[in-house]
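Per-entry structural report
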Amino acid sequence: MKGVIYTRVSSDEQIKGTSLELQEELCRKYCEQKEIQIEAVYREEGETAKSLSMNNRKKFLQALDFCKKNKNRIGAFVVFRIDRFARNTEDHFAVRKILHDCGATLHSVSEPIGNKPAEKFIETVLAGAAEYENALRKQRSIDGMAAKINQGIFPWKPPLGYKSLKTNKKGLKKTQPDPPDQQVFPLVQRALKKYAKGNCSQAELARILDKWGLKAVRGKKTRPQLIDSILGKYLKFYAGIITNPWSGEEIEGLHKPMIAKKEMYKIQMIREGKSKTLAKRDRYNPRFPLRRTVICATCGIPLTGSSPRGNGGRYHYYHCKNKECPEYGKGIKKKDLEDQFSEYFRKITPKEKFLKVLKETVLDFW
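Calculation rules
Residues numbered from 1 in each chain as written. Predicted model: local features only at pLDDT ≥ 70, side-chain atom pairs only at ≥ 80, totals over all residues. Heavy atoms only, no water. Salt bridge = Lys/Arg side-chain N within 4 Å of Asp/Glu carboxyl O. Helix = DSSP H or I, 4+ residues; strand = E, 2+ residues; numbered from the N terminus. Buried < 20%, exposed > 50% of the residue type's maximum accessible area, 1.4 Å probe, protein only. Contact = heavy atoms within 4.5 Å. Expected span 1.5 Å × (residues − 1). Polar contact = N/O pair within 3.5 Å; in protein donor to acceptor, adjacent residues only side chain to side chain. Pairing = 2+ DSSP bridges. Axes fitted to C-alpha atoms, helices over the stretch in contact; angles between N-to-C directions. Phe/Tyr/Trp six-rings, centres within 6.5 Å; stacked < 30°, edge-to-face > 60°. Lys NZ or Arg CZ within 6 Å of the ring centre and 35° of its normal.

This structure, assessed with the given rule, holds 14 salt bridges. Its salt-bridge partner being Glu24, residue Arg28 comes within 3.1 Å of it at the nearest N-O pair. Placement of both Arg28 and Glu24 in helix 2 (residues 19-33) is noted, with a separation of four residues, approximately one turn of the helix. Using a relative accessible area of 39% as the deciding quantity, one classes Arg28 as partly exposed. Across the pair Glu250 and Lys236 runs a salt bridge whose closest N-O atoms are separated by 2.4 Å. Here the residue Glu250 occupies a position in strand 6 (residues 250-252), and Lys236 occupies one in helix 12 (residues 235-238), the gap between them amounting to 14 residues. Members of the salt-bridge network, linked through shared partners, are Glu21, Glu24, Arg28 and Arg43.

With that settled, the discussion passes to the side chain of His92. Following the sequence through the fold, His92 ends up in helix 5 (residues 89-101). What makes His92 buried here is its relative accessible area of 1%. Apart from the residues lying within four places of it in its own chain, the contact partners of His92 are Ile82, Phe85, Ala86, Leu106, Glu123 and Ala127.

Turning our attention to helix 8 (residues 185-196). Between its terminal C-alpha atoms helix 8 stretches 17 Å, which fits the 16 Å expected from 12 residues at 1.5 Å a residue. Along helix 8, the residues classified as buried are Phe185, Leu187, Val188, Ala191, Leu192, Tyr195 and Ala196. Summarising the contacts, the buried residues of helix 8 are in contact with helix 9 (202-212), helix 10 (214-218), helix 11 (224-231), helix 12 and helix 13 (261-271). Positive backbone phi, at 75 degrees, marks Gly198, one or two positions downstream of helix 8.

Turning to the side chain of Lys334, a few remarks are in order. Within the fold, Lys334 resides in helix 14 (residues 334-348). Engagement of the side chain of Lys334 in a polar contact is seen with the backbone oxygen of Arg287, the distance being 2.4 Å.

Across the sheet, which stays open at both edges, the four strands sit in the order 2-1-3-4 with parallel pairing between neighbours. The strands lining the two open edges of the sheet, one partner per strand, are strand 2 (37-44) and strand 4 (105-108). On average, each strand axis in the sheet is inclined to that of its neighbour by 25 degrees, with strand direction left out of account. With five bridges joining them, strand 1 (residues 2-8) and strand 3 (residues 74-79) adopt parallel strand pairing. Directly across from Gly3, in strand 3, lies its bridge partner Ala76.

Another point: unusual backbone geometry. The phi angle at Asn72 is positive, at roughly 65 degrees, despite the residue not being glycine. Residue placement: Asn72 occurs in the loop between helix 3 (58-69) and strand 3. With a phi close to 70 degrees, Arg292 is a non-glycine residue in the positive phi region. With respect to the secondary-structure elements, Arg292 resides in the loop between helix 13 and strand 7 (304-306).

Position of Gly240 relative to the elements: it lies in the loop between helix 12 and strand 5 (241-243). With a relative accessible area of 3%, Gly240 lands in the buried category. Along the backbone, Gly240 and Gly161 are 79 residues apart, and their C-alpha atoms lie at a distance of 13 Å. With residues up to four places along the chain from it excluded, the contact list for Gly240 reads Ile251, Glu252, Gly253, His255 and Pro257.

As a further point, take the packing of aromatic side chains. Enumeration according to the criterion identifies 13 aromatic pairs in this entry. Between Tyr6 and Phe60, the aromatic rings sit 5.0 Å apart at their centres with planes inclined by 70 degrees, giving edge-to-face as the arrangement. Note that Tyr6 is positioned in strand 1 and Phe60 in helix 3, a separation of 54 residues in sequence. Take Tyr6 and Phe60: they sit in the same class, and that class is buried. Grouping aromatic residues by their ring pairs yields a cluster made of Phe154, Trp156, Tyr162, Phe185, Phe237, Tyr238 and Trp246. The ring of Trp212 has Arg190 lying over it, and the distance from NZ or CZ to the ring centre is 3.8 Å. Over the ring of Phe288 we find Lys334; its NZ or CZ atom is 5.8 Å from the centre of that ring.

Taken together, three strands build an open sheet; the order of strands is 7-10-11 and the sheet is antiparallel. The open sheet has two free edges, formed respectively by strand 7 and strand 11 (332-333), since each of these has just one partner strand. One ladder, built from three bridges, connects strand 7 with strand 10 (residues 317-319); its direction is antiparallel. Note that in strand 10 the partner of Ser306 across the bridge is Tyr317.

Let's shift gears to helix 2. The terminal C-alpha atoms of helix 2, which comprises 15 residues, lie 21 Å apart, in line with the 21 Å expected from a rise of 1.5 Å per residue. On the buried face of helix 2, the contacting elements are strand 1, strand 2, strand 3, helix 4 (82-85) and strand 4. The positive-phi residue at the C-terminal boundary of helix 2 is Glu35, with phi of around 60 degrees.

Here you go:
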């Protein structure tokens, strides 16, 4: 009978140890005893068994594909232990069915499983125990992260602008808040404050950040997705708030905030379209300084400006934008209107003598 061996460790710390080598050694001895001819060995380094996603356990899926391509030729799928195979009963028996359809049987080196009723029962119990152990570990992990949040410490990798303490790689527990990144922190802080004023879009903010030096520091261009995370996913963190994802509770973080809470609310309102501040953006056009100042004499709506192209280049006009107005489509030359406005402005400007009398009158009345 021919077979494949699959070994797995669930963390990067175990890759350099003897776990993978020991598993393979014991699996090879098992195959020798059972007279199983080894066709391939698949080693999964530092991957989880929680799910069968293509993003993790790539070697496991390759082993399954190998069995499918060699249907009825591979008779054994050998693992060191059931929990190396899957961590929940649904995945376990789903893959078990795939192997069965390929003509292969699951073999565990350290556990008495097989196709007999008693062996199937033991396999079911072991698969359930693996799922229970995984759920227990997950709950302990959640409880630990929730405890950190309650202490005001962000248990995950901090967002852009803060330096990670990298306690996991050092084998330590995180007991201090992540400190500000001296280069990036002021850039992100400045960007958040600018956006809170409502005078730039997210795309513009990305370009501005790179202009200020973020691209040089990070070594890559700032993408809109990063800006979206800064203004959305991590906004509360930048305002000094840590949210418990399981309970929804908000905790005051121990880390240094970038912006005040009122600025955070302003940004949220702008992104939700509830703030009128953003609507004021780009209203002033230096080419048409009277735009939105001078109104149409017929309908009373402020005039706008445009610069259509002609044979002699561009021609600048003020015109009414109300399609229902009789004056719609009738342009007024930019120079003519601005000259008339300047003349009218000179006429209505108070004389110095009048201002002096007005001041004395106001003071006398007061």
